[in-house]
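Spelled out from the first residue to the last, the chains are:
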Amino acid sequence: LPQRLIILGGGIEAVEFAHIFAAMGSQVSIISRSEPLLRALDSSVAIRVTEELAQRLVLRLNQSVVGLDSDDAGGVVVSTQDAHGLLAADAQASGECAGPAGEAQSARRTGRASTGGP
């Protein structure tokens, strides 16, 4: 179980993973290209879920990932376009599948740094 997890995407799978890992004790951050999360659903539901998750998770909405690298400790560092810039974690996941931080290198090579949600 990662202590810190970054999830890329704002769709159903991303929100499911975020909820599950947060419930198990991970510090979870979601980076999504749009706002609110779950924008494909009814807008009142999407807004409510986003507001609730914002109380428990770190949300970076309306952001694009500009870099995805491994750090010296075996974790991952995700760079976004906003002023906050960097998020570090023990693992990252796209909205479709979770993976250990070692997969960050593969994600960067294949260009799937920002998937799994609208």
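Computed from a predicted model, the values in this text were never measured in an experiment.

Calculation rules
Residues numbered from 1 in each chain as written. Predicted model: local features only at pLDDT ≥ 70, side-chain atom pairs only at ≥ 80, totals over all residues. Heavy atoms only, no water. Salt bridge = Lys/Arg side-chain N within 4 Å of Asp/Glu carboxyl O. Helix = DSSP H or I, 4+ residues; strand = E, 2+ residues; numbered from the N terminus. Buried < 20%, exposed > 50% of the residue type's maximum accessible area, 1.4 Å probe, protein only. Core = buried A, V, L, I, M, F, W, Y, C linked by side-chain atoms within 4.5 Å. Contact = heavy atoms within 4.5 Å. Phe/Tyr/Trp six-rings, centres within 6.5 Å; stacked < 30°, edge-to-face > 60°.

## Some words on the pattern of salt bridges
1) Next: Applying the stated rule across the entire model yields 2 salt bridges.
2) Next: A salt bridge links Asp90 to Arg4; the nearest nitrogen and oxygen atoms lie 3.3 Å apart. You can see Asp90 sitting in the loop between strand S6 (86–89) and strand S7 (91–94) and its partner Arg4 sitting in strand S1 (residues 4–8), a full 86 residues away along the chain.
3) Next: A residue is classified by how much of its surface remains accessible, and Arg4, at 27% relative accessible area, is partly exposed.
4) Next: Of the charged contacts, one joins Arg48 and Glu52 as a salt bridge, the two residues approaching to 3.3 Å between their closest N and O atoms. Note that Arg48 and Glu52 are positioned in helix H2 (residues 43–54) at a spacing of 4 residues, about one turn of the helix.

## Topic: the nonpolar core
1) Next: Leu5, Ile7, Ala18, Val28, Ile30, Leu37 and Leu57 are the most contacted members of the largest nonpolar core, which totals 16 residues.
2) Next: Mapped by element, the contributors of at least two residues to this core are S1, helix H1 (12–23), strand S2 (27–31), H2 and S7.
3) Next: No other element matches H1, which puts 4 residues into this core.
4) Next: Once residues within four sequence positions are removed from consideration, Ala18 is found in contact with Ile7, Val28, Ile30 and Leu57.
5) Next: Ile6, Ile31, Val76 and Ala89 belong to the second-largest nonpolar core, a separate cluster that totals 9 residues.

## Some details on the environment of Ala18
1) Next: Along the chain, the position of Ala18 falls in helix H1.
2) Next: Owing to a relative accessible area of 0%, Ala18 belongs among the buried residues under this scheme.
3) Next: In the structure, Ala18 is positioned 11 residues away from Ser29 in sequence and 7.8 Å away in space, judged by C-alpha atoms.

## Considering the packing of aromatic side chains
The geometry of an aromatic ring pair comes down to the distance between the two centres and the angle between the two planes.
1) Next: The final tally for this structure, using the stated rule, is 1 aromatic pair.
2) Next: Both rings, one in Phe17 and one in Phe21, keep their centres 6.4 Å apart while their planes meet at 40°; by these two values the pair is tilted. Of this pair, Phe17 and Phe21 are both found in helix H1, 4 residues apart, which corresponds to roughly one turn of the helix.
3) Next: Using a relative accessible area of 24% as the deciding quantity, one classes Phe17 as partly exposed.

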